[in-house]
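# Report on the structure
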Amino acid sequence: MSPSATHTHDEHALVAHHFENLEQQRGANLLGMWLFLSSEVLFFGGIFTAYAMMRFSSTNNGFALGSSQLNAVVGGINTAVLLTSSLTMALAVWAAQTKHRRLLQLFLSLTLAFGLAFLVFKGFEWYHEYEVSLVPGPTFGSKLAEKGDGTVIPAETVKTMQMFFVFYFSITGLHALHMVVGLAVLAVQLVLCLQSDFGVRDYGPIEVFGLYWHFVDVVWIYVFPLLYLMRA
Amino acid sequence: MTTVAVEPRPQPFEPRSIKRADYLNISYGVRSWLLTLDHKRIAILYLISISIFFFVGGVFAAVVRLELATPKGDLLQSDTYNKMFTLHGVVMLFFFLIPAIPATLGNFLVPLMIGAKDLAFPRLNLMSWYVFMIAGMFGIYTMLAGGVDTGWTFYTPLSPKYANSQVMTAALAALIAGFSSILTGLNFMVTIHKMRAPGLTWFRLPLFVWSQYATSLIQILGTPVLAVTILLVAAERMLHIGIFDPALGGDPVLFQHLFWFYSHPAVYIMILPAMGVISELVTTFAKKVIFGYSFIAFSSVAIAVLGFLVWGHHMFVSSQSPYAGLIFSFLSMLVAIPSAIKVFNWTATLWRGSVSWDTPMLYAFGFIGLFTIGGLTGLFLACLATDVHLTHTYFVVAHFHYIMVGGAIMAYLGGLHYWWPKITGRMYPEFWAKFAAIIIFVGFNLTFFPQFVLGYQGMPRRYHEYPAEFQVLNVMSTAGASILAVGYIIPAVYFIWSMKYAKVAGRNPWGATGLEWSTTSPPPADNFEKTPIVSLPPYIYSKEEATVVP
Ligand SMILES: [Cu+2]
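Scope of this entry: the structure provided in the associated data block. No experiment lies behind these values; they were computed from the predicted model shown. (Residues numbered from 1 in each chain as written. Chains lettered and ligands numbered in written order. Predicted model: local features only at pLDDT ≥ 70, side-chain atom pairs only at ≥ 80, totals over all residues. Heavy atoms only, no water.)

What chain A contains, in helices and strands, is 8 helices and 0 strands. Seen in sequence order, chain A has helices and strands lined up from the N terminus as α-α-α-α-α-α-α-α. Against the compact-globule benchmark of 17 Å for 232 residues, chain A has a radius of gyration of 22 Å, which places it well outside the compact range. Summarising its shape, the C-alpha atoms of chain A cover approximately 75 × 30 × 25 Å along the three principal directions. Here chain A, with 232 residues, has 48% of them falling under the buried criterion. Of the roughly 10,800 Å² of accessible surface on chain A, 70% is carried by carbon and sulfur atoms. (Helix = DSSP H or I, 4+ residues; strand = E, 2+ residues; numbered from the N terminus. Rg over C-alpha atoms; globule rule 2.2 N^0.38 Å. Buried < 20%, exposed > 50% of the residue type's maximum accessible area, 1.4 Å probe, protein only. Areas by Shrake-Rupley, 256 points an atom, 1.4 Å probe, with all protein chains shown as cover.)

Here it is as structure tokens:
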């Protein structure tokens, strides 16, 4: 294709042949990510709806009891970690747009570090829940009595608690899966930034990934109160 | 960019071999197809794959009809029969109807119709085909490993708990096919937003593009709900923990809500693009501007939006509250309005047009009639009181086959004939095409009209035996199905034949408007010699229309 008149010389190298110019390409990529995220909203929306329906149709306090088994402090710290990673991600996009290569590398590394920290905390949480028999299955709740004040929880309520933990592990698991995918992409982008002028040459890819990262963060903003804080 | 439509150098000794480079002959070999980023080639890849699935799904249907030729269950065990209708449904819905028009005609036409070089994300487009094929592998594995017998709806607690067939792989096949559907929809939506040629405003878009846009909306927003639901079913089946099993405190009707939240709108993934095709056919073969352009355009969007609010009509006889049922019934009936708007506008377009009876138009006429019957019988089912009588009977089967086969497949075939000259550069044999179109129309009605009567008389669906008094109508239906099968095989044969032997088509054999007809047939790899500039609304067939229409 002959470069159209609107192309500057180095812009031409960045634009795929089926786009007219860089602006169109950026716009398309951003809109593509927004649409993907709207699809993701419905993906999580499905399971949130199921959670709401089961919670509000249940006749005992199993959901609230399940909630209070979770460690809200660790969950809270994790929320802070993830929010901070969103901040560093936003700064990374800013660095890319203003062509600060060193800062871009720094902020992407920080985002990666915070993201990994979140997953490590989450892993410890899951392990703890496994240890105190909160993983749904035949042995669910077998160690509940040791921990409580001695009052026996009725079997029906334990069943509902198990339901809560099915949601808990499904939702946090799907969220963690999104984190892992995000971190993998982030790692690739970081390596590219370290090796070349990727990101400052064209901030498009960083910006598009930033949207995804913020989305995963926003999902957690809903997950945290829904699972950890609704204890009554 | 290297794939410019350059004239190949003329061979001195063979002047006949001078060929223009088009998307088909620009490169050769399996590799050039399997790694292509050209939306037109990807459309062909999809066309081949879904055609194979269509015939596979057809074989299952044939077995079902054969069993039902006699009242006794003499050909199949009930288990096997369950597997046959399940596989028929899974294959036809997830592997044929949902991708049918968007992934083939849509893929080929959307960039051409808006004057773009390709879809916005060519790599994603190719990936969607591979994802689709992976899903297909799961589907084929399911068939070879003994099939699945839950019905295509995978109802709980049957599917996670009691069924001992290949539920997992079948459900995964549906899940993965869903991802390819999301990718297609996303690609189209971005393309339509961002890549229109200069001057091509929203209200100058062909109505086929509008319908694809509305379809994409459903693909993007509906499919993920099915995905997460299938994941929950899978977890329940593998780990025996879950939220749908009453024994674990779960709710099986919750599954139905989540499932139909996708699967009702999925019907519109099948029928909206079909309506888009019909809009194109009707104007071209009436040689007249479409009547009520903006009504047709917005009715597509209205159907997509309303379609998300009516899923509860599948649960009138479940434990859903009757008040919810009342609202769902009302909303379901509302969908009839935008559907009727389309039918009236198509009919009005024909009025005082110079209507020609080419094969695509035969399919368009077939569509309008059959879709009307399918749509009106849908109202019987949307109505609470009649639904109690008709639900789970053959009336339902007949209704949705009128929509999906009489509607979607008729339009798909009409579109395939209409754009075949653009896709391959050659016409199809007119006599055989008309012959097949008529055979299909007759065969279809003979197959499915008796099923309305059967259902009304109370014959339930999904049984391999039935009382002897239903036999006459069932034999009619089976006879119709065999005629229908012949009708589907004929086009498969002459389409393949036509690629080599039929008459060369030229740019615009129909004298149609639309950017796709302004380029060569088959189009060059980049679609247009130079980016077209649009200065008129679509479907302008005469000077007077050019001045009347805004
Ligand atoms: Cu429905």
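After presenting the structure, the write-up continues.
Nonpolar side chains tend toward joint burial in soluble globular proteins. Counting 247 residues, the largest nonpolar core has Phe-167 of chain A together with Leu-105, Trp-346 and Phe-367 of chain B as the members making the most contacts within it. It is helix α8 (residues 252-286) of chain B that contributes the most residues to this core, 23 residues altogether. Among residues more than four places away in sequence, those in contact with Leu-105 of chain B are Ala-100, Val-110, Phe-208, Val-277, Tyr-412, Gly-415, Leu-416, Trp-419 and Ile-423 of chain B. (Core = buried A, V, L, I, M, F, W, Y, C linked by side-chain atoms within 4.5 Å. Contact = heavy atoms within 4.5 Å.)

With that settled, consider the interface of chain B and chain A. Contacts between chain B and chain A engage 36 residues on the former and 31 residues on the latter. Counting the surface lost from both chain B and chain A, the interface buries some 2,900 Å², and carbon and sulfur atoms represent 76% of this. Across the chain B-chain A interface, the total number found is 1 salt bridge. Between Lys-117 of chain B and Glu-20 of chain A there is a salt bridge whose closest N-O contact spans 3.7 Å. Breaking the side of chain B that touches chain A down by element, the ones donating at least two residues are α6 (167-194), α7 (207-239) and α8 of chain B. The dominant element in the side of chain B that touches chain A, judged by the number of residues it contributes, is α7 of chain B, at 8 residues. Among the residues forming the side of chain B that touches chain A, the class breakdown is 26 nonpolar, 5 polar and 5 charged. (Buried area = accessible area lost by both parts, 1.4 Å probe. Salt bridge = Lys/Arg side-chain N within 4 Å of Asp/Glu carboxyl O. Nonpolar A, V, L, I, M, F, W, Y, C, P; charged D, E, K, R; others polar.)

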